[in-house]
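# Architecture and fold: a report
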Amino acid sequence: MTIEPYRLSFTAGGLLVEESAAVAALLLEEGDASRAWSLGVERNVVQQRSRRSTVRLTSEAVQRLVLLPSSGLRVLAAGPGAQARILLWVAACARYRLLRDFGREVLRERLLTERPLVQPDDFETFWNVQAAWVDELRDAAPSTRVKLRQSTFRMAREAGFVADGGRVVAVVPSPAVVDVLSQMDPAVALSLPLYESQFAGIGASAEGRRS
């Protein structure tokens, strides 16, 4: 069995809220990730000052967004908003196992156990537990750990999942977003701060698609 690696490269750009709308539109138009990337860099759709930053952020956005079904790309291409931010977190979690596990084991767990506050120390505890069996985390430099903690909390705040003071906020996905989630691996939906009844609704939507 192939074990999914822990990629530790999401230390810049956050959710890429503004950048992702343009990249999603290119992916829909071209239907090909490589072509969308080339055009994105050529046109500088992520609006960076240097080519190096343009290449890096365009690559990052494409690598995340190709993991969404076309219905998800259509939500993103319509422009930034609360529902787009949910899907940007989902796309990042589909790409990065560390984010996905943090969402499930910390954010969603806090919501379900009615202990709504999450702080940087919770990330440290989570990291230490994971590092006991994940080589990539155990061997990571302390500076990488700090950057990943900062990026994780930044992305959770940008997604609307963590409010001021560290309070975890339940998301309310629209029917369109529920439809997107029903087409993806259920493990990704578990990275969202959802109640059990909401997750059951996603499962019912997925079952309806199969029947």
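This report concerns the structure included in the present document. Just so it is clear, the model here is predicted, and its values are computed rather than measured.

With that settled, consider the overall build of the protein chain. Looking only at helices and strands, the protein chain features twelve helices and zero strands. Mapped in sequence order, the helices and strands of the protein chain form the string α-α-α-α-α-α-α-α-α-α-α-α. Computed over its C-alpha atoms, the radius of gyration of the protein chain comes to 17 Å, within 12% of the 17 Å expected for a compact globule of 211 residues. Reported as C-alpha extents along the three principal axes, the dimensions of the protein chain are approximately 45 × 45 × 40 Å. Burial statistics for the protein chain: of 211 residues in total, 45% are counted as buried. When the accessible area of the protein chain is evaluated, it comes to approximately 10,300 Å², of which 51% is carbon and sulfur surface. Within the protein chain, the 24 negative side-chain charges are centred at a point lying 4 Å from the centre of the 26 positive side-chain charges.

Turning next to the packing of helix H5 (residues 82-95) against helix H10 (residues 175-182). What describes two packed helices is the angle between their axes and the distance between those same axes. Packing of H5 against H10 leaves a shortest axis separation of 10 Å and a crossing angle of 15°. As judged from the angle between their axes, H5 and H10 are roughly parallel. Where H5 crosses over H10, the two elements pack in a sense that is right-handed. Facing Gln83, Ile86, Leu87 and Val90 of H5, the residues of H10 in contact are Val177, Val180 and Leu181. Tallied by class, residues from the contact of H5 with H10 come to six nonpolar, one polar and no charged.

Right, let's talk about the side chain of Asp122 for a bit. Considering the arrangement of structural elements, one finds Asp122 in helix H7 (residues 120-131). Residue classification places Asp122 among the buried positions, given a relative accessible area of 17%. A polar side-chain atom of Asp122 sits 2.7 Å from the main-chain amide nitrogen of Gln119.

Let us now look at the nonpolar core. Judged by nonpolar contacts, the single largest core of 63 residues is most densely connected at Leu65, Trp89, Leu107, Phe161 and Leu192. Sort the elements by how many residues they give to this core and H5 lands first, with nine residues. Not counting chain neighbours up to four residues away, the residues in contact with Trp89 comprise Leu15, Leu99, Gly103, Leu107, Thr152, Met155, Ala156, Ala159, Phe161, Ser191 and Leu192.

Note on placement: Thr54 falls in helix H3 (residues 51-65). Here Thr54 falls in the buried class, since its relative accessible area comes to 4%. Separated by 2.9 Å, the side chains of Thr54 and Asn44 make a polar contact. Apart from residues lying up to four places away in sequence, Thr54 is in contact with Gly40, Val41, Asn44, Val46 and Gln48.

This brings us to helix H4 (residues 70-77). If you check which residues of H4 are buried, you get Ser71, Gly72, Leu73, Val75 and Leu76. On its buried face, H4 sits against helix H1 (17-30), H3, H5 and H10. Gly79 sits one or two residues past H4 and shows a positive phi near 120°.

With that settled, consider the packing of aromatic side chains. Across all of its chains, the model carries seven aromatic pairs by this definition. The interplanar angle of 55° and the centroid separation of 5.7 Å between the aromatic rings of Phe102 and Phe123 together place this pair among those described as tilted. Of the two residues, Phe102 sits in helix H6 (residues 97-112) while Phe123 sits in helix H7, which places them 21 residues apart along the sequence. For the pair Phe102 and Phe123, one class covers both residues: buried. Their ring planes at 75° and their centres at 5.5 Å tell us that Phe102 and Phe126 sit as a pair that is edge-to-face. Placement of Phe102 in helix H6 and of Phe126 in helix H7 is noted, with a sequence separation of 24 residues between them. We note that Phe102, like Phe126, is buried.

Moving on: the pattern of salt bridges. For the structure on display, the rule yields 14 salt bridges. A salt bridge links Asp122 to Arg110; its shortest N-O distance comes to 2.7 Å. Here Arg110 lies in helix H6 and Asp122 lies in helix H7, a separation of twelve residues in the sequence. Each member of the pair, Asp122 as well as Arg110, carries the same accessibility label: buried. A salt bridge links Arg154 to Glu158; its shortest N-O distance comes to 3.0 Å. With Arg154 and Glu158 both in helix H9 (residues 142-159), this residue pair falls four residues apart, about one helical turn. Through salt bridges with shared partners, a single network forms among Arg97, Asp101, Arg104 and Glu105.

The rules behind the values
- Residues numbered from 1 in each chain as written.
- Predicted model: local features only at pLDDT ≥ 70, side-chain atom pairs only at ≥ 80, totals over all residues.
- Heavy atoms only, no water.
- Helix = DSSP H or I, 4+ residues; strand = E, 2+ residues; numbered from the N terminus.
- Rg over C-alpha atoms; globule rule 2.2 N^0.38 Å.
- Buried < 20%, exposed > 50% of the residue type's maximum accessible area, 1.4 Å probe, protein only.
- Areas by Shrake-Rupley, 256 points an atom, 1.4 Å probe, with all protein chains shown as cover.
- Lys, Arg positive; Asp, Glu negative; His and termini not counted.
- Charge placed at Lys NZ, Arg CZ, Asp CG, Glu CD.
- Axes fitted to C-alpha atoms, helices over the stretch in contact; angles between N-to-C directions.
- Parallel < 35°, antiparallel > 145°, perpendicular 65-115°, else oblique.
- Left-handed = near helix turned anticlockwise from the far one by under 90°.
- Contact = heavy atoms within 4.5 Å.
- Nonpolar A, V, L, I, M, F, W, Y, C, P; charged D, E, K, R; others polar.
- Polar contact = N/O pair within 3.5 Å; in protein donor to acceptor, adjacent residues only side chain to side chain.
- Core = buried A, V, L, I, M, F, W, Y, C linked by side-chain atoms within 4.5 Å.
- Phe/Tyr/Trp six-rings, centres within 6.5 Å; stacked < 30°, edge-to-face > 60°.
- Salt bridge = Lys/Arg side-chain N within 4 Å of Asp/Glu carboxyl O.

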